[in-house]
Amino acid sequence: MSILRFREAVRAAMVEEMERDERVYLVGEEVGHYQGAYKVTEGMLERFGARRVIDAPITESGFTGIAIGAAIVGLRPIVEYMTWNFSAVAFDQILNNAAKLRQMSGGQLSVPLVLRAPNASARQVGAQHSHAMEHFYAHIPGLKVLAPATPADAKGLLKSAIRDDNPVLFMESETLYNVKGEVPDDPEVLVPMGVASIAREGTDVTIVAWSRMVHVALEAAAVLAEESISAEVVDLRSLRPLDEDALVRSVSKTHRAVVAHEGWPYGGVGAEIVDRIQRLAFDELDAPVLRATTLDFPMPYNAKLEQYVIPQASRIIENVHRVLYRS
């Protein structure tokens, strides 16, 4: 085991997979000479050279399309955007090409492609840089969507994504890049997609979260414990495919659930999880499933307003009180 920061774990996954498979290469804005906009790719240009670590111009649609074409003919590209918000410029390529080519070719073509970038809120980066984009992409058949919360999961899931024969979208949180944790050194240790983990055991209520919100949920659970409320925190890790069995097991134990995420409340992954729980575990529920989400506004730049809009531990706690009928 090594103690790595989240950004270092992401880098380790890419380095190991590029050393293992010469078909894997990295392309994106400032990934090479600048060492990555968030220093995730530091040292990779020197290690692998300009043929495999490619600095792209600010043309997301163009280099995404080129990467899709490269994947079709046998390479395994990793595309880095400066932020998932900028992938909106490449949405046509992702929606109409990456996600659909296997089905439209009758299985003759595959697209072994990883798209990765920081996602959701950071710190005062304004409305155009603060979307939780997983809600858009998890809607699309043909795509896989991952959102790890820990360095170990970041490394293990990214390695699984690079080895997968389908387009995988890897959602990182800029606010987690400096978070440290134990990470396996073995390059063959993978974290499977579609399998959730239990970040904290509990008996009174299930809190479902992913990415940065797992840490906020754990903060809320610690406060609730002082009130003698035992909260179980389910870290989904993978949003598509989704671990329905983990949701049902947890809710069958606690009989109550709150879903915490950074997306807006209208539609999205949180609403999908609520639907899955009420359909698959309806008889186990003792209260409606509630959500703690970002408020239904474009993200303010003002620091205090930004923190008000983003779900905090207090918003999760308030919803837990409601499902326990303590409010």
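Every chain is numbered on its own, with residues counted from 1 as its sequence reads. Owing to the predicted nature of the model, reporting of local features is limited to residues with pLDDT of at least 70; listing and counting of side-chain atom pairs is limited to 80 or more, with chain, interface and lining totals taken over all residues. To get the side-chain values, take all heavy atoms of the structure and skip hydrogens and water.

Concerning the UniProt feature "domain: Transketolase-like pyrimidine-binding" (unreviewed entry) in the protein chain
Phase 1: UniProt positions are given in the numbering used here, feature names are shortened, and annotations may be inferred rather than shown by experiment. UniProt feature "domain: Transketolase-like pyrimidine-binding" (unreviewed entry): in the numbering of this structure it lies at residues 4-179.
Phase 2: End-to-end, the C-alpha atoms of residues 4-179 are 8 Å apart, and along that stretch the chain is 35% helix and 16% strand. Helical segments are the DSSP runs of H or I of at least four residues, strand segments are the runs of E of at least two, and each set is numbered from the N terminus.

So, the sheet that holds strand β14 (residues 290-292)
Phase 1: Strands sit in the order β9-β11-β10-β13-β14 across an open sheet of 5 strands; the sheet is mixed. Across the chains shown, the open sheet's two edge strands, defined by having one partner strand only, are β9 (197-200) and β14. Shown here is a sheet whose adjacent strand axes are inclined to one another by a mean of 30 degrees, direction ignored.
Phase 2: Being paired, for any two strands, means DSSP has found at least two bridges between them. With 3 bridges connecting them, strand β10 (residues 205-209) and strand β13 (residues 257-260) associate as parallel partners. Note on β13: the bridge partner recorded for I207 is V258.
Phase 3: Against the sheet, helix α8 (residues 212-226) contacts β9, β10, β11 (231-235) and β13, and its axis sits at roughly 170 degrees relative to β11. Each axis is a line fitted through C-alpha atoms, taken for helices only over the stretch in contact, and angles between the N-to-C directions span 0 to 180 degrees. Contact between two residues is taken to exist if any of their heavy atoms lie within 4.5 Å; hydrogens are not considered.

Comments concerning the side chain of S160
Phase 1: Among the structural elements, S160 can be located in helix α7 (residues 151-163).
Phase 2: For S160, the residues in contact, after removing those within four places along its chain, are L190, V191, P192 and M193.

Comments concerning the nonpolar core
Phase 1: With 48 residues, the main nonpolar core has Y81, W84, L113, Y137, L236 and I273 as its most contacted residues.
Phase 2: Domain assignment of the residues forming this core places at least three in each of domain 1 (2-183) and domain 2 (197-324).
Phase 3: When residues no more than four places from it in sequence are discounted, the contact partners of W84 are L115, R116, A117, P118, N119, M133, Y137, L169, F170 and M171.
Phase 4: Throughout, nonpolar core names a set of buried Ala, Val, Leu, Ile, Met, Phe, Trp, Tyr and Cys residues whose side chains join them through atoms within 4.5 Å. Each residue is placed in one exposure class: buried if its accessible area under a 1.4 Å probe, protein chains only, is under 20% of its type's maximum, exposed if it is over 50%, and partly exposed if it falls in between. Grouped together as the second largest cluster of nonpolar side chains are 28 residues, V15, F48, A161 and V168 included. The start and end points of each domain follow an automatic or database-based domain assignment.

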